[in-house]
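An overview of the molecular structure
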Amino acid sequence: MKFQDLVNLYEEGRYEDCLSELEVFLVLNPQDIPALLLKANVLKELDYQISEEDNNELSLNDFQEVITIYKTILEIEPNHEAALFGLLETTRFFYKDLDYDEYSSYIERLSVHEDELENVCRFSADLNYLHEKYAESIRNINELLAIYEVLYAHDRISKCALLTESVLFKAMILRENLNQHQQALAEFKKYKHDILSNNVLLYLDIGQLALEYHDYEMIGWAGVKAVLYGNEDPEVDAEIFKYYERVMDLLNGGLENKQCIYFAIMVQRNFREELGLDLSDPLIEAKRYIDLYPDWFIPYHFAGTYILEGGNYDEALPYLAKAVELEGFSITIHRYILTYYHVHKELPEILNWPEDGPIDYFNSGCEFSEFENSIGSPVLDMPLLNYRLQFFKRSYLGFKAYFHENKFEANYFINSQLMSMCCNNYALALSSKRKYDEVIDICKEGLTYSRFWELYNTLADAYFEKGDYEDALINYHELLDESFKEFDLPNYLRISAYVTKCEFKLGYIKEAEERLKTISQEYDELIHSADYASYDEEDLFVTRQAYMEIQNARFDLINHRGDSETLKDWQKELENKPDDASNWYMLMQNYFQLEQYDQCIACANNYQATKPIQEMALIDYRKLHYLRGKSYYLLGNYAAALQDLLVAYDSTKSTLVEEESYGDFHLILIHVVRAYFHLRDWENVIRISQESQEMYANENWEEDDDWIEMMLMSAEASFERSDQETAKQKIQAILKLFPKHEKALEKKKAWGSGWLGWLKK
């Protein structure tokens, strides 16, 4: 058997088979170092298996054959790196029972390999400690700490985990072996930024040490950390309460330390019921601390929070506003926005966003998203989106700074998956602003942290919106497998609908039609299934969105045929699903295309009646009012037309700066002007026409038929308002660019009095 075959057996976990074949191989090749190393690894794996099965700890005797193999290799090649490392790693927990000088020599030989410096320090620290050479062990740990700072400078999680392990080791030696408790506290204080542990008892132990030496900042810091990771084990929480009582004794005795006060507030906040407190008790405490520290945001934040949780928005608002003014947490911003909206029925302007941790901004953004969904409407969508974008942008930048710049204290809850989720939420907010290139970059970055399925979807959607259908299709196909279908059928159907749309855009009509047929059938099966009856509101929303995308795909394919059966197809869909708002939306568009404006208006009314406004996408909201308004206009009902067109106008205008594009705004403008013109509202004709002119100038658009029509209506309005001078100037502006324009020439002739004199000015 070839050596690679032996390696394959090992990697497949077939250790017994591998060992049998190795014995044969080594008879023929007794000094083959790779084979000897492989045998040592196999024997260790078998030892670990036996230990797990028998639930027994391994002893030094269990590894004797492995140790012999490593020493055999070192006789062949004295400085063999893998053999030295294997020997030292295998025996590191048994150094006390081994010869100090012998193993010191192995470590020294390993040190000739430059890439083993970290392991050399680690092995040296263990060897010296187990042989009671504590000063030497601490020196090794100090070297190790310095190595970690450099070696893992851009790998925060690994760095913090390794630093924590070494700091705890060093502190143990200082306290238990050298009786240097104050120096141990100094070590914890020095490395508190990077201590990565969710062990509540560890933080309470540090706090007890800080109490011993009256280090109040560390007392409060340790307490806050314990609260952060507590509230799960009653016995552990009981230890937090004991610690809390000691800190409260200090505070009640006159101690004024913000970190200790913050800890006390956090305990009262997180363990109110366990402590037997009424809601009024921590509120009274918070107000007491406001009197003590009127320029400190924390008591204002908690006072506002307690009042808010009591349901009194008016009373909570001043406290939360003051907390935001003084700095606040990221969650303070969310609660302030929520409270301000409930009190004033409008959204506030946030002038100052606090510096807060990435996980805090992420959680605040998620909470804000729930609030956004509860009050969302096409009118509020953009300002709400701007808030959400700020939460997740700051979270995203914070995570980057955390992982790569060592910013913010270590947090056990922060991991790569959370960063990936943050990238997705940030990318979704950017998608709503149509910043698709940024979305693609953020999604790709997020995928380097974790292969998060929503990121593939968001990435594919961005490619789709950009018109890069091939790239979109590649990323959608990353998601379309049976396991995903079983896991989340509504999203599977929605993504399948996008695949259908991509196939259509790329000219794969037959494939698109077959896929549409399949997913339509799967959708029908879903909504008639027992599972569907148990869906919560979120599941129902995703299902409705899936059907809307299926309808959009159907719209592309039906309209592509361009035959007389198009309308019948939509009417059939409506008969099958009379309560589905998307059918009315599609019929509205279809009737408008067929110039059946009465029917378009009726379908628009039905769509509006069956689709909750908070679930209506902004583009659909605008199209509803634009198509209905234009239909009213074409039927001669100018007042009704203006009412709808102004909704589309206001909605679009409010987001022009945010969307950084005028889009189809000029089409809305011209129909608004036409409606005003027919209603003889000359002042508004002039106002909107001027707005259109400014848009043409800002965008550097070439003057076209729409521009001419707008100028003619504006000139007519000026004339009707007896401002003949301005009216003639507007006609002159048209004739300067289009000297043979008939209507402009007609106006010139009709308003001929004084024309030549005016032209000479």
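All of these numbers come straight from a predicted model, not from anything done at the bench.

1. As for the overall build of the protein
Each helix and strand in the protein was counted, giving 41 helices and zero strands. Here the C-alpha atoms of the protein give a radius of gyration of 36 Å, more than 25% beyond the 27 Å that 2.2 N^0.38 yields for 761 residues. Expressed as a percentage of its 761 residues, the buried residues of the protein come to 52%. A sequence separation of at least 24 residues applies to 60% of the contacts in the protein between residues at least 6 apart. When the 73 positive and 137 negative side-chain charges of the protein are each reduced to one mean point, those points stand 10 Å apart.

2. Some details on the environment of glutamate 465
Residue position: glutamate 465 is located in helix 23 (residues 453-466). As a C-alpha pair, glutamate 465 and serine 431 span 34 residues in sequence and 9.0 Å in three-dimensional space.

3. So, the pattern of salt bridges
Pairing between side chains of opposite charge can happen when the charged atoms of each approach one another. Applying the stated criterion across every chain, the model contains 32 salt bridges. A salt bridge links lysine 653 to glutamate 691; the shortest N-O distance between them is 3.5 Å. Taken together, the residues span a long stretch of sequence, with lysine 653 in helix 34 (residues 638-653) and glutamate 691 in helix 37 (residues 682-699) at a distance of 38 residues. Since its relative accessible area comes to 39%, lysine 653 is described here as partly exposed. The buried category is assigned to glutamate 691, whose relative accessible area is 14%. Between arginine 674 and glutamate 709 there is a salt bridge, with its nearest N and O atoms 2.7 Å apart. On the criterion of sequence distance, the pair formed by arginine 674 in helix 36 (residues 665-678) and glutamate 709 in helix 38 (residues 705-720) is long-range, its members being 35 residues apart. You can call glutamate 709 partly exposed: its relative accessible area is 25%.

4. Describing the packing of aromatic side chains
By the definition in use, this model includes 45 aromatic pairs. Aromatic pair tyrosine 95 and tyrosine 103: ring centres 6.0 Å apart, planes at 45 degrees, arrangement tilted. The class for tyrosine 95 is buried, based on a relative accessible area of 0%. A relative accessible area of 2% places tyrosine 103 in the buried class.

5. Remarks on the confidence of the model for the protein
Overall, the prediction assigns the protein a mean pLDDT of 90, with 95% of residues at 70 or greater. This model gives residues 754-761 a pLDDT under 50, and the stretch forms eleven contacts once residues within four places in sequence are excluded.

6. Considerations on the layout of surface pockets
In this structure, the second largest pocket occupies an estimated 1,500 Å³ of space. The wall of the second largest pocket is formed by 45 residues, among which Leu228, Tyr262, Met266, Asp360 and Asn411 lie closest to the centre. Contributions of two or more residues to the lining of the second largest pocket are made by helix 12 (216-229), helix 13 (234-252), helix 14 (258-270), helix 16 (297-309), helix 18 (330-344) and helix 19 (358-375). Per-element tally for the lining of the second largest pocket: the top contributor is helix 12, with seven residues. When the residues that make up the lining of the second largest pocket are grouped by side-chain class, the tally is 19 nonpolar, twelve polar and 14 charged.

7. Description of the side chain of histidine 80
Inspection of the secondary structure puts histidine 80 in the loop between helix 4 (64-76) and helix 5 (81-91). Judged by relative accessible area, histidine 80 falls into the buried class, the value being 13%. Only 3.2 Å separates the side chain of histidine 80 from the backbone nitrogen of alanine 83, close enough to count as a polar contact. The residues contacting histidine 80, other than those within four sequence positions of it, are Ile33, Leu37, Ile73, Leu74 and His113.

Conventions adopted
For every chain, the first residue of the written sequence is number 1, and numbering continues from 1 onward in sequence order. At least 70 in pLDDT is required for a residue's local features to be given in this predicted model, at least 80 for side-chain atom pairs to be given and counted, and no such filter applies to totals for whole chains, interfaces and linings, which use all residues. Excluding hydrogens and water, the side-chain values take into account all heavy atoms of the structure. Each helix is a run of H or I in the DSSP string that is no shorter than four residues. Each strand is a run of E no shorter than two, and both are numbered from the N terminus. Atoms counted for the radius of gyration: C-alpha only. Globule rule: 2.2 Å times the number of residues to the power 0.38. Burial status follows relative accessibility: with a 1.4 Å probe on protein chains alone, a residue under 20% of its type maximum counts as buried, one over 50% as exposed, and anything between as partly exposed. Any two residues having at least one pair of non-hydrogen atoms within 4.5 Å are treated as being in contact. In this tally Asp and Glu are treated as negative and Lys and Arg as positive; neither His nor the chain ends contributes. A charged residue contributes its charge at one atom only: NZ of Lys, CZ of Arg, CG of Asp or CD of Glu. Here, a salt bridge means any side-chain nitrogen of Lys or Arg that lies within 4 Å of a carboxyl oxygen of Asp or Glu. The pairing test for Phe, Tyr and Trp rings, Trp by its six-membered ring, is centres within 6.5 Å, and the orientation test on the planes gives stacked under 30 degrees, edge-to-face over 60, and tilted for anything in between. Predictor confidence is given residue by residue as pLDDT, running from a minimum of 0 to a maximum of 100. The definitions used throughout rest on a 1 Å grid laid over the protein atoms alone, on which a cavity is an enclosed set of points accommodating a 1.4 Å probe that cannot get out and a pocket is an open set flanked by protein within 12 Å on both sides along at least five of seven lines; lining residues are those having an atom within 4 Å of a point. Grid points are joined across faces, edges and corners, and a volume is the space filled by probe spheres set on the points. Basically, the charged four are Asp, Glu, Lys and Arg, the nonpolar ten are Ala, Val, Leu, Ile, Met, Phe, Trp, Tyr, Cys and Pro, and anything else, Gly included, counts as polar. Think of a polar contact as two N or O atoms within 3.5 Å of one another; within protein, one of them needs to be a possible hydrogen donor and the other a possible acceptor, and neighboring residues in sequence only count if both atoms come from side chains.

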